[in-house]
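Spelled out from the first residue to the last, the chains are:
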Amino acid sequence: EAQVTQNPRYLITVTGKKLTVTCSQNMNHEYMSWYRQDPGLGLRQIYYSMNVEVTDKGDVPEGYKVSRKEKRNFPLILESPSPNQTSLYFCASSATGRTNYGYTFGSGTRLTVV
Amino acid sequence: AQRVTQPEKLLSVFKGAPVELKCNYSYSGSPELFWYVQYSRQRLQLLLRHISRESIKGFTADLNKGETSFHLKKPFAQEEDSAMYYCALGGFGNEKLTFGTGTRLTIIP
């Protein structure tokens, strides 16, 4: 089944403790992206990647890092999480860098930083 | 800059009544518009793309470049339509999808 897989689904952590949220897609998509979803703010893009070893900042990149060493994986790294990063995170992928096909989304990761 | 505006955060409609979820956009190039739906505790799913001019689950949306709008419509609401709906904007040669803040649609039985 074609899908985007995120892990974990739920995560509670403490301020300052480094964490990684994994994202993997099995569709050979070139483009991958991370969004955070907050009430009243909709989805905001954190980082995106056009292809392997090519990443760029989205609208809200502060406090986040990403890497794209393989085409299928696009992990989101929080080096020193803070409470304002408590949010619902979605990974998405698309066949090409163009948006006309839309995105396929993962199931989401609900992160709580205390 | 590209921007999407969904003016209604909440919308309640009786079952069987028509539904219209509003979406306006701002974009200097040739826009590509989408509607995504998120059912309770599920991932976002692509509902419609303006370029395909399709009808999915009874929903349609027409791109009006003059009014810079892409409103989502359905003539007769069903209870299973209750969900969060997001309008999204991309563009030719543009890798970024910009989302609106979403409208939570509740269908009243």
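Everything below is about the structure shown above.
What this report covers is the structure whose coordinates are included nearby. Treat the numbers as computed from the prediction; the structure is a model and nothing was measured.

1. Details of the pairing of strand S6 (residues 54-57) of chain A
Residue and element names in this part refer to chain A.
Alright, step 1. Note that strand S5 (residues 42-51) and S6 share four bridges and pair antiparallel. Along S6, the bridge assignment pairs Ser-49 with Thr-55.
Alright, step 2. Where S5 folds back onto S6 in an antiparallel hairpin, the turn is made up of two residues, including Glu-53, whose phi is positive at roughly 65 degrees.

2. Quick notes on the state of the cysteines
Alright, step 1. The final tally for this structure, using the stated rule, is two disulfides over all chains.
Alright, step 2. The residue that forms a disulfide with Cys-23 of chain A is Cys-91 of chain A, at a sulfur-sulfur distance of 1.9 Å. On the S-S bond that ties Cys-23 of chain A to Cys-91 of chain A, the torsion sits near -75 degrees, and the link is left-handed. Placement of Cys-23 of chain A in strand S3 (residues 19-25) and of Cys-91 of chain A in strand S9 (residues 87-94) is noted, with a sequence separation of 68 residues between them.
Alright, step 3. Using a relative accessible area of 0% as the deciding quantity, one classes Cys-91 of chain A as buried.
Alright, step 4. The disulfide bridge from Cys-23 of chain B ends at Cys-87 of chain B, spanning 2.0 Å between sulfur atoms. Torsion about the S-S bond of the Cys-23 of chain B and Cys-87 of chain B cystine: about -65 degrees, corresponding to left-handed handedness.

3. Points about the sheet that holds strand S3 (residues 19-21) of chain B
Residue and element names in this part refer to chain B.
Alright, step 1. A sheet is described by the order of its strands in space; here three strands give the open sequence S3-S8-S7, paired in antiparallel fashion. Whereas interior strands pair on both sides, the edge strands pair on one side only; in this sheet they are S3 and strand S7 (60-61).
Alright, step 2. Across two bridges, the pairing between S7 and strand S8 (residues 72-74) is antiparallel. Directly across from Ala-61, in S8, lies its bridge partner Leu-72.

4. Some remarks on the interface of chain A and chain B
Alright, step 1. Listed per partner, the contact involves 25 residues of chain A and 23 residues of chain B.
Alright, step 2. Across the chain A to chain B interface the summed buried area is about 2,000 Å²; carbon plus sulfur atoms make up 49%.
Alright, step 3. Across the contact surface, chain A and chain B share zero salt bridges.
Alright, step 4. Counting the contacts that link chain A with chain B gives eight residue pairs in polar contact (both at pLDDT 80 or more).
Alright, step 5. Of all the secondary structure elements, the ones that give two or more residues to the side of chain A that touches chain B are strand S4 (31-38) and S5 of chain A.
Alright, step 6. Sort the elements by how many residues they give to the side of chain A that touches chain B and S5 of chain A lands first, with five residues.
Alright, step 7. In terms of residue class, the side of chain A that touches chain B is built from 12 nonpolar, 10 polar and three charged.

5. Looking at the nonpolar core
Alright, step 1. Formed by 24 residues in total, the largest nonpolar core has its most connected members in Leu-21, Trp-35, Leu-47, Leu-72, Tyr-85 and Leu-105 of chain B.
Alright, step 2. Element by element, the count of residues in this core is highest for strand S9 (residues 83-91) of chain B, at four residues.
Alright, step 3. Sequence-distant contacts of Leu-105 of chain B, that is, excluding residues within four places in its chain, are made with Leu-11, Val-13, Val-19, Leu-21, Asp-81, Ser-82, Ala-83 and Tyr-85 of chain B.
Alright, step 4. Formed by 18 residues, the second largest nonpolar core is a distinct cluster that contains Trp-34, Tyr-47, Tyr-64 and Tyr-89 of chain A.

Rules of the game
Residues numbered from 1 in each chain as written. Chains lettered and ligands numbered in written order. Predicted model: local features only at pLDDT ≥ 70, side-chain atom pairs only at ≥ 80, totals over all residues. Heavy atoms only, no water. Pairing = 2+ DSSP bridges. Helix = DSSP H or I, 4+ residues; strand = E, 2+ residues; numbered from the N terminus. Disulfide = S-S within 2.5 Å. Buried < 20%, exposed > 50% of the residue type's maximum accessible area, 1.4 Å probe, protein only. Contact = heavy atoms within 4.5 Å. Buried area = accessible area lost by both parts, 1.4 Å probe. Salt bridge = Lys/Arg side-chain N within 4 Å of Asp/Glu carboxyl O. Polar contact = N/O pair within 3.5 Å; in protein donor to acceptor, adjacent residues only side chain to side chain. Nonpolar A, V, L, I, M, F, W, Y, C, P; charged D, E, K, R; others polar. Core = buried A, V, L, I, M, F, W, Y, C linked by side-chain atoms within 4.5 Å.

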